[in-house]
Amino acid sequence: MNVSVIIPTRDRSLFLEDAVRSVLMQTRTVHEILVIDDGSRAEDRNGVERVVSLSPLIRLVRLPVPGGVSAARNVGLDHATGDGILFLDDDDLLHPRMVEECARLLEQEPPVDVASCLYEMFFTPDGQGPWIAAALLFNHRLLDSHPLRLVDATNVANRKIFEEDPFSAFLRYLIPIHTCLIRRSAVTGVRFPEDLRQGEDTYFFLSLARQGRRFRRVEETLALVRRHGGNMTRSRRRYFEEIPSFYHRIMREGMVTTRADRFLVNLKLAYFARMRGDWRWFGHALKVGGCPDLLVREVAVFGMKNLRARRQLLQYYFHQ
């Protein structure tokens, strides 16, 4: 399987270099790396070109004006020539064996359309340096004691749910886009919605799930998510304002079909509206209250997540 890696970027050439180097470090060489420059400022273009010069595998596609991450990913899809597609944000990283392990799964199981893996998070303070070299992050002897490493174990999808009900899994859990290697033939007709500011990657995978695409997961941590001051979802106020459009859209388009999924969407919409001070939260809350059995289960799950999160933080701060 030839794999095309699509990396949209804008004004973050230092992060971009780490991301690209993590692809170049793969134990299985990729077919191509498509860097889609989404209208970077003139002062950052030299940095992007420096990254592109790292390898002949890298192709640069430069957009004349910023169109957003969805537009950049769609352009990447139009230019990709591999039979496997992997989307990588310019501030995230791949483990050196990510492509090898996920491509092997797709090759061994032809009915599977998407091969995924587990992930962990690391933090770059203040959204500035120090820049964390990919070589350091993937030296496991050092990584185990790295002060910026933290496992996000509270929102990882259960494997059984992920494989048997991927729509619900993507709706409920955080599944970073670069944890999924997608068979190109499975993407036919599916695009990223360019009018959504949040949730566009989840919408893409929900669309694949609704088309009946089959998902499998490699039970290894093969992707790293960088958290920093520039993350799109870092601003809570901005997130609360923009994410409801995603949930309203999937409801409007009839993508949400089960009682449990409709309950979850209304619960999220009630929460986001309440946090914005929008009185319409009450209407969603009434729909949530109409499913007392699901509400009790959700409260129990939320409580267990909080307990696990607190235990995790204690272990992190007081480890030897």
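Placed above this text is the structure.
Structure report, in brief. Computed from a predicted model, the values in this text were never measured in an experiment. (Residues numbered from 1 in each chain as written. Predicted model: local features only at pLDDT ≥ 70, side-chain atom pairs only at ≥ 80, totals over all residues. Heavy atoms only, no water.)

In this section: the overall build of the chain. Broken down by element type, the chain carries 13 helices and nine strands. Burial statistics for the chain: of 320 residues in total, 51% are counted as buried. Pairs at least 24 apart in sequence give 79% of the contacts found in the chain among residues at least 6 apart. (Helix = DSSP H or I, 4+ residues; strand = E, 2+ residues; numbered from the N terminus. Buried < 20%, exposed > 50% of the residue type's maximum accessible area, 1.4 Å probe, protein only. Contact = heavy atoms within 4.5 Å.)

Contact geometry of helix H11 (residues 259-276) with helix H12 (residues 281-289) gives a least axis separation of 8 Å together with a crossing angle of 150 degrees. Put simply, H11 runs roughly antiparallel to H12. The chirality of how H11 crosses H12 is left-handed. Each of Phe263, Asn266, Leu267, Leu269, Ala270, Ala273 and Arg274 in H11 lies in contact with H12, whose residues at this interface are Trp281, His284, Ala285, Lys287 and Val288. (Axes fitted to C-alpha atoms, helices over the stretch in contact; angles between N-to-C directions. Parallel < 35°, antiparallel > 145°, perpendicular 65-115°, else oblique. Left-handed = near helix turned anticlockwise from the far one by under 90°.)

A side chain with one charge can pair with a side chain of the opposite charge if their charged atoms come near. Here the structure, examined in full by the defined rule, presents 29 salt bridges. Close ionic contact of Asp11 with Arg10 constitutes a salt bridge, the shortest N to O distance being 3.8 Å. Where Arg62 meets Asp37, a salt bridge forms, and the shortest distance between an N and an O atom there is 3.0 Å. In this pair, Arg62 is assigned in strand S3 (residues 58-63) and Asp37 in strand S2 (residues 32-38), connecting sequence segments 25 residues apart. Among the charged side chains, a salt-bridge network with shared partners connects Arg97, Glu100, Glu101, Arg104 and Glu220. (Salt bridge = Lys/Arg side-chain N within 4 Å of Asp/Glu carboxyl O.)

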